Structure formats: C-alpha cells, structure tokens
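Chain residues, written in single-letter form:
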Amino acid sequence: MDVASAKLIAAGLAAMGAGFAAIGVGLIFGMFLQGALRNPAAADKLGARLIFGFAVTEALGLIAAVVALALAFG
Amino acid sequence: MDVASAKLIAAGLAAMGAGFAAIGVGLIFGMFLQGALRNPAAADKLGARLIFGFAVTEALGLIAAVVALALAFG
Amino acid sequence: MDVASAKLIAAGLAAMGAGFAAIGVGLIFGMFLQGALRNPAAADKLGARLIFGFAVTEALGLIAAVVALALAFG
Amino acid sequence: MDVASAKLIAAGLAAMGAGFAAIGVGLIFGMFLQGALRNPAAADKLGARLIFGFAVTEALGLIAAVVALALAFG
Amino acid sequence: MDVASAKLIAAGLAAMGAGFAAIGVGLIFGMFLQGALRNPAAADKLGARLIFGFAVTEALGLIAAVVALALAFG
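Residues numbered from 1 in each chain as written. Chains lettered and ligands numbered in written order. Predicted model: local features only at pLDDT ≥ 70, side-chain atom pairs only at ≥ 80, totals over all residues. Heavy atoms only, no water.

Quick word on the overall build of chain A
And step 1. Helix and strand counts for chain A come out as 2 helices and 0 strands.
And step 2. Here the C-alpha radius of gyration of chain A, 17 Å, is well above what a compact globule of 74 residues would show, namely 11 Å.
And step 3. Across its three principal axes, chain A shows a C-alpha extent of roughly 60 × 15 × 15 Å.
And step 4. Within chain A, the proportion of its 74 residues that are buried is 68%. (Helix = DSSP H or I, 4+ residues; strand = E, 2+ residues; numbered from the N terminus. Rg over C-alpha atoms; globule rule 2.2 N^0.38 Å. Buried < 20%, exposed > 50% of the residue type's maximum accessible area, 1.4 Å probe, protein only.)

Here it is as structure tokens:
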C-alpha cells in the first residue's frame, strides 16, 4: 500500500474515533439532562462540572477529528 | 491498494463514524425526553443545555460525515 | 485491490454505519415511549422535541445509507 | 481482491449492519412493552408513535439488508 | 506495505483508541452528574474522587492521542 492510500485509510479510521467520542459526550449531556429534570434547582450549581466533563471528553474526540481532517484534506 | 480504492474504503469507514455519533445524539434526546416526561414543567428551562449538548455531539458526527461524503463523492 | 472491489467493500462498511445509527434512533423512541407511558398527558407537549431529535439522528444514519447505496448501486 | 470476492465480503459486512439495526428496533419495543406493563391503559394511545418510531428505525436496517441481499444474490 | 504507510495506518487506529477512551470519561462524568443532581449536598465531598477517576481514564485516552498525533504528524 502506498503512502497516499494509507493516509486516506487512516483518515477514515480516525473519523470513526470521532464518532466513538460522540457517544461519550452524549452520555454526559444525556445523564445531566435526565438528572436536572428531576431536580432543576440544582442544575445551575453543577453547570461548571458539566462543562469541565464535556470539555475533556470533546477534546479526545477533537484530537481524532483533527487527525482525520488533516490526513484526508491536509 | 491504489489511491482511488483507498479513498472509497476510507469513505466507508468514515460513514461508520457518523453512525456511531448518532448513538451519542440518540442518548441525549432519549434521556432528555424520558426526564421531561417525568417533570414537564422543567423541560423548557433546560432547552438551552439540550441544544448545546446536541450541537457539540452532532458536530463530531458531522466531521465524520463530511470526511465520508468528500471522500466518496469529492 | 482494484476500484470496483473497493467500492463494494466501502458500501458494506457504510451499511454498517446505517445500522449503528439505528441504535441511536431506537434509544430516542424507546425512552420517549417509556416516559410517555408513565405520564401520557405530557406526551403531546414533547412531540416537537421528539421529532427534532429523531430527525437529526436519522440524518446521520441517512448519510451513511446514501454512501452505502451510492457505492453499491451507483 | 477480485470483484466477485469483494461483493461477497461486502454482503457479509452489510448483513452485520442489519444486525446492529435490530438492537435499535429491540430497544424501542422493549422499552414500550416495559412501560405498557406498568400502565396498560395508556398503551393504545401511544400505538401510532410506536409504529412510526419502529418504521424509521427498521428502515435504516432494511437499507443495510437490501445492500447485503443485492450483493450476495444480485 | 512500507513503513511510512504503516505509520499512518497506525495513527488512524490509535485515534480510534482515543475515541473509545472518551466513552469511559463520558460514563464517569455522566453518572457523577446524575447522582449529584439527586443529592447535591454530597457532590463537593466526592469531587476529589471524581477528578481522580477522570484523570486516570483520560490518561489512557491521551496515551492513544499522543501515539496518534506523533505517528500522523511526527
């Protein structure tokens, strides 16, 4: 397999990584929303932890996305 | 494997990534709806967080979708 | 691998992506129905959010489906 | 890999996609039945939404199934 | 397959690893937030354990991310 082909295959694999990270981000927001609808008064107090958890999870997905985009179109 | 073949295989892999991201988006809306049906009065208050969470999750899936479409038809 | 073979393999991979997206759509409708059976009076109020969530999730699956069909039969 | 071989491998991959979609359909009916057994009186009212959710989820699986069948026997 | 090609394929595979780790991080924050919204008074007491659990999980994802980035762009 030549280098140009490998670059494209790797981009496809990395794009799958971005999709897996989306499951993680979905779990954080889904569980937060489910809990916040039980106890809306406490939702604002936990907003900072929601954003922190989302940011570190999205970061892993964005690394995969950057690898995918840089290899596919870079 | 030649470049034209690798491009198509990579498009197929990236399309799987879009499918995985759909699981994340499904988790957010599914959990929100389940919680909102227990406590409908609080649903509107959490609408902004629902849309924010959906947008960042869908973004990861759309990166995979863009990679898939650009490689398959670009 | 020649291009005609890669096209078919990529169609098979993208068809798997459509299957994964079906899990996301299933989560939305499953959780909605479970919640609506506890509190049927609120189900109509949340119908718009159900359809919005379903549409954006199905869209990710349809991108994979379009890639699969276009590669397999296009 | 020659085209006839790739066609068969792709059929196998696409058939996996149909299997994944079955998880989504299973979630819808499973959660509906669980909720309906708690509150049987409301089950008939939600029948239309159950069938709609099932149809759009099954559609994603049928796309994968059509790709699998057309490649294996077409 | 030559070494330069293998390096790129390996970067794509490692990026998938970062995506899987994001599912783990998402489970930690999602379950913490859901529990903290039931009992907000205890959330601060468990903050240290949340950060410890997050750090060791994110570390696994970052190892995969570093491998992916170093192989793709190093």
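So much for the structure itself; the text now carries on.
Overview of the interface of chain E and chain A
And step 1. With 43 residues of chain E at the interface, the matching set in chain A holds 41 residues.
And step 2. Carbon and sulfur atoms make up 79% of the surface buried where chain E meets chain A, a total of about 3400 Å² over both sides.
And step 3. When the buried surface of chain E facing chain A is broken down by residue, Leu8, Leu33 and Leu37 of chain E rank first, second and third, together holding 19% of it.
And step 4. Taken together, the links from chain E to chain A amount to 1 salt bridge.
And step 5. Of the charged contacts in the structure, one is a salt bridge between Asp44 of chain E and Arg49 of chain A, with a shortest N-O distance of 3.6 Å.
And step 6. Viewed at the interface, chain A and chain E are joined by 6 residue pairs in polar contact (both at pLDDT 80 or more).
And step 7. Contributions of two or more residues to the side of chain E that touches chain A are made by α1 (3–38) and α2 (47–73) of chain E.
And step 8. In terms of residue class, the side of chain E that touches chain A is built from 31 nonpolar, 8 polar and 4 charged. (Contact = heavy atoms within 4.5 Å. Buried area = accessible area lost by both parts, 1.4 Å probe. Salt bridge = Lys/Arg side-chain N within 4 Å of Asp/Glu carboxyl O. Polar contact = N/O pair within 3.5 Å; in protein donor to acceptor, adjacent residues only side chain to side chain. Nonpolar A, V, L, I, M, F, W, Y, C, P; charged D, E, K, R; others polar.)

Description of the side chain of Gln34 of chain A
And step 1. Mapping Gln34 of chain A onto the fold places it in helix α1 (residues 3–38).
And step 2. Overall, the relative accessible area of 14% leaves Gln34 of chain A in the buried class.
And step 3. At 2.5 Å, the side chain of Gln34 of chain A forms a polar contact with the side chain of Gln34 of chain E.
And step 4. Not counting residues within four places of it along the chain, the set of residues in contact with Gln34 of chain A comprises Met31 and Gln34 of chain B together with Gln34 of chain E.

Here we look at the arrangement of the chains
And step 1. Left apart from each other, chain A and chain C have a closest C-alpha approach of 10 Å.
And step 2. Of all C-alpha pairs spanning chain A and chain D, none lies closer than 13 Å, and the two are not in contact.

Quick notes on the UniProt feature "domain: V-ATPase proteolipid subunit C-like" (unreviewed entry) in chain A
And step 1. In this structure's numbering, the residues bearing the UniProt feature "domain: V-ATPase proteolipid subunit C-like" (unreviewed entry) are residues 9–70 of chain A.
And step 2. Within residues 9–70 of chain A, the helical portion is 87% and the strand portion 0%, while the C-alpha atoms at the span's ends are 12 Å from each other. (UniProt positions renumbered as here; feature names shortened; annotations may be inferred.)

Thoughts on the UniProt feature "transmembrane region" (unreviewed entry) in chain A
And step 1. Taken from the UniProt record, the annotation "transmembrane region" (unreviewed entry) applies to residues 6–29 and 50–73 of chain A.
And step 2. Segment residues 6–29 of chain A splits into 100% helix and 0% strand. End C-alpha atoms: 35 Å apart.

Focus: the packing of aromatic side chains
And step 1. Summed over the entire model, instances satisfying the criterion amount to 17 aromatic pairs over all chains.
And step 2. On the basis of an interplanar angle of 75 degrees and a centroid distance of 5.3 Å, the ring pair of Phe54 of chain A and Phe52 of chain B is categorised as edge-to-face. One end of the pair, Phe54 of chain A, is in helix α2 (residues 47–73); the other, Phe52 of chain B, is in helix α2 (residues 47–73), on a second chain.
And step 3. Assessed through its relative accessible area of 10%, Phe54 of chain A is described here as buried. (Phe/Tyr/Trp six-rings, centres within 6.5 Å; stacked < 30°, edge-to-face > 60°.)

Some thoughts on the side chain of Thr57 of chain C
And step 1. When you line up the elements, Thr57 of chain C lands in helix α2 (residues 47–73).
And step 2. Not counting residues up to four positions away in its chain, the partners in contact with Thr57 of chain C are Ala22, Val25 and Gly26 of chain B together with Ala21, Gly24, Val25 and Ile28 of chain C.

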